[in-house]
Amino acid sequence: MSRRALRRLRGEQRGQEPLGPGALQFVLRDDEDAEEEGPKGGPGVRVPGGTGKEGVQVNNRFELSNVSGKLRKKKKKQRNKKNSTGETSENGLEDIDRILERIEDGSGLSHPGPPLPSSRKHVLHVEHRHLNPDTELKRYFGARAVLGEQRPRQRQRVYPKCTWLTTPKSTWPRYSKPGLSMRLLESKKGLSFFAFEHSEDYQQAQHKFLVAVESMEPNNIVVLLQTSPYHVDSLLQLSDACRFQDDQEMARDLTERALYSMECAFHPLFSLTSGTCRLDYRRPENRSFYLALYKQMSFLEKRGCPRTALEYCKLILSLEPDEDPLCMLLLIDHLALRARNYEYLIHLFQEWEAHRNLSQLPNFAFSVSLAYFLLSQQIDLPQQELNSTREKASTLIQQALIMFPGVLMPLLESCSVRPDAAVSGHHFFGPEAEISQPPALSQLVSLYLGRSHFLWKEPATMSWLEENVREVLRAVDAGDPTVQACEGRRKVLYQRAPRNIHRHVILSEIKEAVAVLPPIPAIPRPISPGGSKAAGEGIGSQPHSSLCLCPFSKEVTTQSVMGFDPLPPLDTIYSYVRPERLSPVSHGNTIALFFRSLLPNYTMEGERLEEGVAGGLNRNQGLNRLMLAVRDLMANFHFNDMEVPHEENPEGEADWD
């Protein structure tokens, strides 16, 4: 096919090709050079006069008038480069292979290897490219399959700024500032403390949102979003309602819109990737950002993007790593194993074990040992290093089995593996091990098994686990003092679970863990601004309230708290207070309360719903409902004083033999 035909297929015209970096490369040769190298030709190279010399790689031959005498100097440099290029070609290929291996290892999708000590980043460092799920999906399915339908839409959208957490969609309402902002509180010890703020208009929308939630009607939130389309709590609450109705696509879209609204309000100094920016969870304005990130992370994990979900998990943990209000340490190991980023999990364990005692959590005790084992199975290392990694994995799994013996039998049951009689009949791993462990430890074990049991189903993993179980039984029969020491620590360390663990269990919605939540009484919220700091979130002071049975939440125990703020901290810091509303129910008479119990929508005289909430009833509608309630009540009365004669052996009925 001729060059002209190729240009037509490409939609190009002769002489209009864009100039590339190497378009103006002038190569002048002598006759000796031409004889040694021979004539060469290619696209964009013209040989003037039909000689064997190369022409100039330009798109316009008349641009040669600007060429000066510096071309001969370039000719000498090119001669000197000829020898060095041949010598370093092989080394260059090796360097390229090494660079590609490092890039693939950094993505966490290929066979991971232990990173170099000098290249290790902070454990809370977040990368922008890993916050985009399309980056991970492109590696699985290719860029054409992922971006094929998105390219034509991107030309039509007009939004004020580019964001990292979400990609704005053309189907969203036009963005206007909802009154949400962020300010810098203070900077100390290399950390920056920020807080979200609500304007007066946003506070009014927040009050209307609380009234809509109390009405237990999702349509009221829909009406509120028509006037405030980027109100964060309304978007998150309606997202939960859609999720409970199995509309996952709409639920994810609403969560992304909430994240977009909050990211547009970021302070110029607020950074997602540095790991040095903090948001206090005690402030109600900041909790929406935590919950939005958590919900988005859950959607990404279900979507099959564990690497992106891991990055979101690190981001949530970096906002308040000391308190960890959503207890992301119970989840980060699971996401690291699913993303096959074993070296990061090992690095996190090595960095934080000294001051956080991660080995005392069942999920870390078993996940880190599994990471070492999987690392020894996949990476290409000398035999000596493979053996040392395998030994390290065996040592850690034996320590985990001794510390948490109640994990083994439920794990085998979840994996549909029938244990050996010598193991199931032994007192150390028998039913007593699971029954005797404290309730707080049982909750952690149930949470880990409900989330990560399928990671142990591989035959090679089960064989390795069986070997170490037998080693543990030998140590127990031999009277190893470590066994008694671990038993004493279990009784002391796991008396009661902290409040943030209960909050994590509620958000996780794992049935095995929710079933063992203790019935802890609810804590009344303060009505004055400023948080009371009489009680913290440590062990021993974790009152608990659960979600109510409504479209916005899920039943857990007997008390209730809405899904937009599960288990608020006891020392909450309020920047503004909701105005007190006199409830007509509390001041009504007995008859009104009776009809209220019959018809939740019954409205007494003088009662009105706040402006902007659907379902407000006027006086006539209230009287009509009252009349209908009385009629239904009278129609349902049955008098059983008169005896009704019963026919013996009625037609169509017979005694059964």
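Owing to the predicted nature of the structure, the values given are computational and were not obtained by experimental measurement.

K.L.:
How would you sum up the overall build of the protein? Please name residues and give values.
P.N.:
Along its length, the protein carries 26 helices and three strands. The contacts in the protein between residues at least 6 apart in sequence include a share of 70% that link residues at least 24 apart.

K.L.:
Please set out the environment of Lys189 residue by residue, giving values where relevant.
P.N.:
One can find Lys189 in the loop between strand S1 (180-188) and strand S2 (191-198). Assessed through its relative accessible area of 83%, Lys189 is described here as exposed. Along the sequence, Lys189 and Thr276 sit 87 residues apart, while their C-alpha atoms lie 9.7 Å from each other.

K.L.:
Kindly report on the sheet that holds S2, identifying the contributing residues and their values.
P.N.:
As summarised here, the arrangement of the three strands in space is S1-S2-S3, forming an open sheet in which the pairing is mixed. Strand pairing shows two members of the sheet lacking a second neighbour, S1 and strand S3 (277-279), which therefore form its edges. The sheet shows a mean angle of 35° between the axes of neighbouring strands, direction not considered.

K.L.:
Can you tell me about the pattern of salt bridges, naming the residues and giving the values?
P.N.:
Across all of its chains, the model carries 20 salt bridges by this definition. A salt bridge links Arg470 to Asp420, with the shortest nitrogen-to-oxygen separation between them at 3.0 Å. Residue Arg470 is located in helix H21 (residues 459-477), and its partner Asp420 is located in the loop between helix H17 (408-414) and helix H18 (421-424); the two are separated by 50 residues in the primary sequence. Arg470 gets classed as partly exposed once you look at its relative accessible area, which sits at 31%. Judged by relative accessible area, which is 36%, Asp420 ranks as partly exposed. Linked through salt bridges whose partners overlap, the residues forming this network are Asp240, Arg243, Lys295 and Glu509.

K.L.:
Describe the pairing of S1, naming the residues involved and giving the relevant values.
P.N.:
Looking down a regular strand, the side chains alternate between one sheet face and the other. Pairing geometry for S1 and S2, over eight bridges, is antiparallel. The partner of Leu180 across the bridge, within S2, is His198. Two successive antiparallel strands, S1 and S2, enclose a turn made up of two residues, where Lys189 displays a positive phi of approximately 55°.

K.L.:
If you had to explain the packing of helix H10 (residues 248-263) against helix H11 (residues 284-303) to someone new, which residues and values would you point to?
P.N.:
Relative to each other, H10 and H11 sit at 140°, their axes nearing to 9 Å. Compared by their axis directions, H10 and H11 come out oblique. Helix-helix and strand crossings are classified by hand; for H10 and H11 the assignment is left-handed. Contact residues: Gln248, Ala251, Arg252, Thr255, Glu256, Leu259 and Met262 in H10; Glu285, Ser288, Phe289, Ala292, Leu293, Lys295, Gln296, Phe299 and Arg303 in H11. Residue composition of the contact of H10 with H11, grouped by class: seven nonpolar, four polar and five charged.

K.L.:
An account of the nonpolar core is requested, with residue identities and associated values reported.
P.N.:
Ranked by internal contacts, the top residues of the largest apolar core, which has 127 residues, are Phe289, Phe364, Phe366, Trp456 and Leu465. When residues of this core are assigned to their parent elements, the largest contribution, 10 residues, is made by helix H15 (residues 362-378). Those residues in contact with Leu465 that sit more than four places away from it in its chain are Ile397, Leu401, Leu408, Leu411, Leu412 and Trp456. Core analysis: the next-biggest nonpolar cluster, separate from the first, contains five residues, Trp172, Tyr175, Tyr230 and Cys264 among them.

K.L.:
Outline empty space enclosed by the protein, listing residues and values.
P.N.:
Scanning the entire structure with this criterion turns up five cavities of 30 Å³ or more. For the second largest cavity, the calculated volume is near 40 Å³. In terms of lining, the second largest cavity is formed by Leu330, Pro362, Asn363, Leu444, Leu447, Tyr448 and Arg451. Looking at the lining of the second largest cavity, the elements with two or more residues in it are H15 and helix H20 (439-452). When residues of the lining of the second largest cavity are assigned to their parent elements, the largest contribution, four residues, is made by H20. A per-class count over the lining of the second largest cavity returns five nonpolar, one polar and one charged.

K.L.:
Would you mind going over the packing of helix H9 (residues 232-244) against H10 in detail, with residue names and values included?
P.N.:
The geometry of H9 relative to H10 is characterised by a closest axis approach of 8 Å and an angle of 165° between their N-to-C directions. Taken together, the axis directions place H9 and H10 in an arrangement best described as roughly antiparallel. Our pair here, H9 against H10, has a crossing hand that is left-handed. Side by side, H9 and H10 meet where Val232, Leu235, Leu236, Leu238, Ser239, Cys242 and Arg243 of the first sit next to Gln248, Met250, Ala251, Leu254, Thr255, Arg257, Ala258, Ser261 and Met262 of the second. The residue inventory of the contact of H9 with H10, partitioned by class, reads 10 nonpolar, four polar and two charged.

K.L.:
Tell me about the pairing of S2, and please be specific about residues and values.
P.N.:
Judged from the three bridges that link them, S2 and S3 form a sheet pairing that is parallel. Its bridge partner lying in S3, Phe193 is registered against Arg278.

K.L.:
Quick one: what's the story with the packing of aromatic side chains, residue by residue and with numbers?
P.N.:
Going through the model one piece at a time under the given rule, you end up with 18 aromatic pairs. For the pair Phe266 and Phe270, a centre-to-centre distance of 4.8 Å together with 55° between the ring planes defines the contact as tilted. Judged by relative accessible area, which is 15%, Phe266 ranks as buried. With a centroid separation of 5.5 Å and 90° between ring planes, the pair formed by Phe266 and Phe289 is classed as edge-to-face. Note that Phe266 is positioned in the loop between H10 and S3 and Phe289 in helix H11, a separation of 23 residues in sequence. Across this residue pair, the class does not change: Phe266 and Phe289 are buried. Among the aromatic residues, those joined into a ring-pair cluster are Phe194, Phe196, Phe266, Phe270 and Phe289. When the ring centre of Tyr281 is taken as origin, the NZ or CZ atom of Arg287, which lies over that ring, is 5.7 Å away.

K.L.:
Please provide a residue-by-residue account of the environment of Cys305, values included.
P.N.:
Here Cys305 lies in the loop between H11 and helix H12 (306-319). The exposure class assigned to Cys305 is buried, which follows from its relative accessible area of 0%. Not counting residues up to four positions away in its chain, the partners in contact with Cys305 are Pro133, Glu136, Leu137 and Leu300.

K.L.:
Break down the confidence of the model for the protein for me, with residues and values.
P.N.:
For the protein, mean pLDDT is 75; residues scoring 70 or higher make up 61% of the total. Low confidence marks residues 650-657, where pLDDT is under 50. Its contacts with residues over four positions away, or in another chain, come to one contact.

K.L.:
Which residues make up H21, and what values do they have?
P.N.:
With 19 residues, H21 should cover 27 Å at 1.5 Å per step; its first-to-last C-alpha distance of 27 Å lies within 8% of that length. Buried residues along H21 sit in contact with H15, helix H16 (383-403), H17, H18 and helix H22 (481-493).

K.L.:
Let's hear about H11: which residues, and what values?
P.N.:
One turn of an α-helix holds 3.6 residues; hence residues three or four places apart share an orientation. An ideal rise of 1.5 Å per residue puts 28 Å on 20 residues; H11 measures up with 29 Å between its terminal C-alpha atoms. Across the 20 residues that make up H11, a large majority, 16, are buried. Just downstream of H11 lies Gly304, where phi reads positive at about 95°.

K.L.:
Tell me about unusual backbone geometry, and name the residues and values.
P.N.:
Positive phi, normally seen in glycine, also occurs at Lys189, with a value near 55°. One non-glycine residue with positive phi stands out, namely Leu567, at about 50°. The buried category is assigned to Leu567, whose relative accessible area is 0%.

Reading the values: the criteria
Residues numbered from 1 in each chain as written. Predicted model: local features only at pLDDT ≥ 70, side-chain atom pairs only at ≥ 80, totals over all residues. Heavy atoms only, no water. Helix = DSSP H or I, 4+ residues; strand = E, 2+ residues; numbered from the N terminus. Contact = heavy atoms within 4.5 Å. Buried < 20%, exposed > 50% of the residue type's maximum accessible area, 1.4 Å probe, protein only. Pairing = 2+ DSSP bridges. Axes fitted to C-alpha atoms, helices over the stretch in contact; angles between N-to-C directions. Salt bridge = Lys/Arg side-chain N within 4 Å of Asp/Glu carboxyl O. Parallel < 35°, antiparallel > 145°, perpendicular 65-115°, else oblique. Left-handed = near helix turned anticlockwise from the far one by under 90°. Nonpolar A, V, L, I, M, F, W, Y, C, P; charged D, E, K, R; others polar. Core = buried A, V, L, I, M, F, W, Y, C linked by side-chain atoms within 4.5 Å. 1 Å grid on protein atoms, 1.4 Å probe; cavity = no way out; pocket = protein on both sides within 12 Å on 5 of 7 lines; lining within 4 Å. Points joined across faces, edges and corners; volume = space filled by probe spheres on them. Phe/Tyr/Trp six-rings, centres within 6.5 Å; stacked < 30°, edge-to-face > 60°. Lys NZ or Arg CZ within 6 Å of the ring centre and 35° of its normal. pLDDT = per-residue confidence, 0-100. Expected span 1.5 Å × (residues − 1).

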